[in-house]
Amino acid sequence: MASHRQLVVFDFDWSMADQDTDRWVFEINAPRIRRWMEDNERRGTMQFTDMIAQALRDAHAAGVTREQLEHALRIMPFHPAMVRAITNLKAAGNTTFLCLSNANSVYIDVILQDKGLTEMFDEVVTNPASWDPSGLLVLRRRVDPSGPQHACAVGCSANMCKGEELEAFYARHTPTYERVVYVGDGSNDYCPALRLRSQDMLLCRTFGGLHKRIAREGGLKCEVKYWTGAWEVEEIFNTL
Ligand SMILES: [Mg+2]
Ligand SMILES: [Zn+2]
């Protein structure tokens, strides 16, 4: 039986989806730029969202079109069991879905539309993006670099603190959720995971930075369940 007032929070890349949008679209359309990203990340000099914005400008200048980027998103691995898991839990009632992601609004919109999941999500909190008339995808940080910055001390990147965004979502959606279930894989999911309570549940993917940070730093108050394939998330969702 579904718990009353339950929230499910989904990270997107490698959590809801079985790939990373930011890297995948370049692996399909511009491998040279994908290599530039890899080298750039190793140097660690550029904020990640800014780097993706630059990569999108470079791809546009090299002739990569909006249609090519959208096609890459539609063919990106996304497990049918994850579609079923979300659809069936939504149909059971009482569950609100939030997508909380460091990707961008366009990537997530295209994929949720393609999988028939758009209507399942109350909010998608991510970096804003939009197509300009020339077909360039213009990407900005969620936290504008020229304004006040977030105060995260856990290590979230400058574009967004997922923990602060989760608490801001709670403030927009009172009363308090009786249970929060968070599905994540990355090191940037550790900050919101720290804010989960004893009655909440973290579904942590076994390969990724989140698993490593939990093992190294601990400090979680919630129950943690580990998963590798989307079919396991479906099994867990069927018990919520
Ligand atoms: Mg992720
Ligand atoms: Zn944070």
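Residues numbered from 1 in each chain as written. Chains lettered and ligands numbered in written order. Predicted model: local features only at pLDDT ≥ 70, side-chain atom pairs only at ≥ 80, totals over all residues.

**Q** Where do I start with the UniProt feature "active site" (unreviewed entry) in the protein chain in this structure?
**A** Here the UniProt-annotated "active site" (unreviewed entry) positions come out as D11 and D13. Within the fold, D11 resides in the loop between strand 1 (6-10) and helix 1 (12-16). On the basis of neighbour count, D11 is assigned to the buried category, with 26 C-beta atoms found within 10 Å. Every residue in contact with D11, bar those within four places of it in the chain, is listed here: L100, S101, V183, G184, D185, G186 and D189. If near-sequence neighbours (up to four positions away) are discounted, D13 is found in contact with D20, T21, S101 and A103. (UniProt positions renumbered as here; feature names shortened; annotations may be inferred. Helix = DSSP H or I, 4+ residues; strand = E, 2+ residues; numbered from the N terminus. Buried ≥ 20, exposed ≤ 12 C-beta atoms within 10 Å, placed from the backbone. Contact = placed C-beta atoms within 7 Å.)

**Q** Teacher, can you tell me more about the sheet that holds strand 6 (residues 179-184) here?
**A** The strands making up a sheet are joined through hydrogen bonds of the backbone, oriented either antiparallel or parallel. If you walk across this open sheet you meet the six strands as 3-2-1-6-7-8, and the pairing is parallel. Of all strands in the sheet, those with a lone pairing partner are strand 3 (121-127) and strand 8 (223-227), marking the two edges. Strand-to-strand, the axes of this sheet are offset by a mean angle of 15 degrees, without reference to chain direction. Lying on the sheet, helix 11 (residues 230-237) is in contact with strand 6, strand 7 (201-205) and strand 8; it crosses strand 8 at an angle near 140 degrees. (Pairing = 2+ DSSP bridges. Axes fitted to C-alpha atoms, helices over the stretch in contact; angles between N-to-C directions.)

**Q** Can you walk me through helix 3 (residues 31-43) in this structure?
**A** Residues spaced three or four apart along an α-helix face the same direction, because each turn holds 3.6 residues. Relative to the 18 Å expected for 13 residues at 1.5 Å per residue, helix 3 spans 19 Å between its end C-alpha atoms, a close match to the ideal helical length. G44 sits one or two positions beyond helix 3 and adopts a positive phi of about 70 degrees. (Expected span 1.5 Å × (residues − 1).)

**Q** Help me out: how do you make sense of the pairing of strand 7 in this one?
**A** A regular strand carries its side chains on alternate faces of the sheet. For strand 7, the buried fraction is high: four of the five residues fall into the buried class. Pairing geometry for strand 7 and strand 8, over five bridges, is parallel. The residue bridging L203 from the neighbouring strand is K225, located in strand 8. For the crossover from strand 7 across helix 10 (residues 209-217) to strand 8, the handedness is right-handed. (Right-handed = clockwise from strand over helix to strand, strands pointing away.)

**Q** Can you walk me through unusual backbone geometry in this structure?
**A** It is generally the case that most residues other than glycine have a negative phi and that most peptide bonds are trans. Put simply, T174 and P175 share a cis peptide bond, and its omega is -5 degrees. Tracing the sequence through the fold places P175 in the loop between helix 8 (162-172) and strand 6. In this structure, W14 is a non-glycine residue whose phi angle is positive, near 60 degrees. Its location among the elements puts W14 in helix 1. If you check the backbone angles, N94 has positive phi at about 75 degrees while not being a glycine. By the secondary structure assignment, N94 is in the loop between helix 6 (80-91) and strand 2 (95-104). With 15 C-beta atoms packed within 10 Å, N94 lands in the partly exposed category.

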